[in-house]
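# Commentary on secondary and tertiary structure
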Amino acid sequence: MLFLLILIYPARIFCYFPSENVEHLTDNFFANLQEHPNIKGNTLEESEAFINKQVENYVALIEQTHGTIEHRLHRRSLPIDHTITLIKDNAGIYVLDGVIPEYGIKVQLPKDIHLFSYETEAGEAWYGAALETVNGTVGNDLVIFKYENRQFSLINKIPVRNGVRLATISIDGGVCIIVAENNAIGVKMHNKTQVIKFIPSTGQLTHIQFLDAEYASDVALWTEHNEIFMTLATYMKSEDQYEVNQPIYQWLGRHFDTIGYIKTYGAKKVTPFIIGNGHYLAVANFQNNFGNTNIYSEIYKYNRHLERFESYQKILTTAAVDVKHFAFKGEKGAEHFLVFANFFEAGINGSRSYETISIVYKYVDQFFIPFQSFKLNGVTQWLPVTGPLGEFALLAACEFDGLKVFQYDGWRFTESNVQYTSEAFTKGILSMKAYNLDNKIFVDLGFSL
């Protein structure tokens, strides 16, 4: 089942400060610092200068976010329309207090859902693509819906093989849909990871290309200088072989072609993002060839001169399953963040603790510094939600606790006392994404009933 929710921003905020483990942040900071290329590849003097600068930045950030510098919110009303109730404080912070169900789409056990728009002569039209599990089997259907008369209606479907994630982007004459298909079920797939063209005027779905990725776990599409690029997070290449040279593809007008590779280790998620003129890929690595889950995830940056992605920074994670980027516009420019989802922490004798710490990192002086930690129970996904007026919420889907919602008060993230329905915030969330439509903030949640 899929629910679309509208996020509401009224005049209350519940300022709950989660318990912080500064020692954990500090250990993570130094673990990441010692693996940085500026230390491994530079002279002793250059490395020492870089270390001193980053230590100074980290100490200042910890002092700022852990109570040594006070920040009090003084809320005031904003005149806006009646459809979204908002409050903004003197620091320019919107606060969230609720969500309401808006639409339901009948999809059986959707592994992933994606809403997308397409410009036509009559204006902008909205569609939905979903990976529907058929009768609880490993087979899926790619299902296409069209939004008309305030409802989503089925217009087409085609079979796919164990599709786990999808992505869409507009191309000439239609929409390109990538279905990341996974062979982890043990059935050899000769045709996998489909590239499909959707033609909105007719509702037709046409196969374009198969990509050689048997164990795909995620797909990401992005544009740079009007060119389309894509990569597939690949969990493994064969049994017990989790170290993968993950391909980077470029759209050449009729098909995707490989243009380079990045190294990953049991990759579960890949997220493209931009800071200034720099293009980055953040990869959530789950485990290495030895079965270790306490490993480094990695950030890559594109080198325009060499035309390839190069390692930029490593982040120590534990069984990482997701990574997301988000940014705020401040008085001194944009503030950029990354957040990783650490699913569990492995103990001795193969035990797992799902109540583990995940960390938000802030970009300071070309380095992602541990900013704040959250202790969550089996977190599987993060979703940063940004509204048309600058509203923001950070959603965490947890395997055992359902959905948690956090907000940024200008200094740190606090948990929101949102009002919600049990259907919308149930356990077993399989996918979630956010969209801005008609000045409303929509979140789609796909979950198992």
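For the structure itself, look to the data block above.
Below or above, wherever it landed, is the structure these notes cover. (Residues numbered from 1 in each chain as written. Predicted model: local features only at pLDDT ≥ 70, side-chain atom pairs only at ≥ 80, totals over all residues. Heavy atoms only, no water.)

Attention shifts here to the overall build of the protein chain. A count of helices and strands for the protein chain gives three helices and 32 strands. Out of the 449 residues in the protein chain, the part that is buried amounts to 54%. For the protein chain, the proportion of contacts with a sequence separation of at least 24, taken over those separated by at least 6, is 51%. With an accessible surface of roughly 20600 Å², the protein chain has 48% of that area assigned to carbon and sulfur atoms. (Helix = DSSP H or I, 4+ residues; strand = E, 2+ residues; numbered from the N terminus. Buried < 20%, exposed > 50% of the residue type's maximum accessible area, 1.4 Å probe, protein only. Contact = heavy atoms within 4.5 Å. Areas by Shrake-Rupley, 256 points an atom, 1.4 Å probe, with all protein chains shown as cover.)

Moving on: the packing of aromatic side chains. Evaluated as defined, the whole model comprises 43 aromatic pairs. Taking 5.3 Å as the distance between ring centres and 80° as the angle between the ring planes, the aromatic pair formed by Tyr-280 and Tyr-312 counts as edge-to-face. In this pair, Tyr-280 is assigned in strand β18 (residues 278–285) and Tyr-312 in strand β20 (residues 308–318), connecting sequence segments 32 residues apart. Taking relative accessible area as the criterion, Tyr-312 reaches 13% and is therefore assigned buried. Each member of the aromatic cluster is reached from another via a ring pair, and the members are Phe-326, Phe-328, Phe-337, Phe-371, Phe-374, Trp-382, Phe-392, Phe-406, Tyr-408 and Phe-413. Here the basic side chain of Lys-268 rests over the ring of Tyr-235, its NZ or CZ set 4.3 Å away from the ring centre. Sitting over the face of the ring of Phe-286, Lys-268 holds its NZ or CZ atom 5.3 Å from the ring centroid. (Phe/Tyr/Trp six-rings, centres within 6.5 Å; stacked < 30°, edge-to-face > 60°. Lys NZ or Arg CZ within 6 Å of the ring centre and 35° of its normal.)

So, about the side chain of Asp-444. Along the chain, the position of Asp-444 falls in strand β32 (residues 440–447). Among buried Asp, Glu, Lys and Arg side chains, Asp-444 stands out as unpaired, with Lys-433 the closest opposite charge at 5.8 Å. (Lys, Arg positive; Asp, Glu negative; His and termini not counted. Salt bridge = Lys/Arg side-chain N within 4 Å of Asp/Glu carboxyl O.)

Before going further, it helps to examine the pattern of salt bridges. Applying the stated rule across the entire model yields 10 salt bridges. Between Lys-157 and Glu-132 there is a salt bridge, with its nearest N and O atoms 3.6 Å apart. Pair noted here: Lys-157 is in strand β8 (residues 151–161) and Glu-132 is in strand β6 (residues 123–133), with a separation of 25 residues, a long-range link. The class of Glu-132 is buried, set by a relative accessible area of 8%. Salt-bridge contacts for Glu-335 lead to Lys-362; the nearest nitrogen and oxygen are separated by 2.9 Å. Separated by 27 residues along the polypeptide, Glu-335 in strand β22 (residues 333–342) and Lys-362 in strand β25 (residues 355–364) bring together distant segments of the chain. A relative accessible area of 24% means that Glu-335 is categorised as partly exposed. Shared partners join several salt bridges into a network, and the residues in it are Glu-132, Asp-141 and Lys-157.

We now examine the sheet that holds β20. Spatial strand order, β17-β18-β19-β20: four strands in an open sheet with antiparallel pairing. Looking along the sheet, the strands with just one partner apiece sit at the ends: β17 (267–275) and β20. Between one strand axis and the next, the sheet turns through 20° on average, direction left out of account. Bridge count between β18 and strand β19 (residues 294–303): four bridges; the pairing is antiparallel. Directly across from Ala-282, in β19, lies its bridge partner Ile-299. (Pairing = 2+ DSSP bridges. Axes fitted to C-alpha atoms, helices over the stretch in contact; angles between N-to-C directions.)

Taking 1.5 Å of rise per residue, 22 residues should cover 32 Å, and helix α3 (residues 44–65) covers 31 Å from first to last C-alpha, within 8% of that figure. Listed in full, the buried residues belonging to α3 are Ser-47, Phe-50, Gln-54, Asn-57, Tyr-58, Leu-61, Ile-62 and Thr-65. All buried residues of α3 fall inside an arc of 130° around its axis, so they share one side. Exposed residues pointing more than 90 degrees away from the buried face of α3 are listed as Leu-44, Glu-45 and Glu-56. Where α3 is buried, its residues meet α1 (22–34), α2 (37–40), β25 and β26 (367–377). (Expected span 1.5 Å × (residues − 1). Arc of directions from axis to C-beta.)

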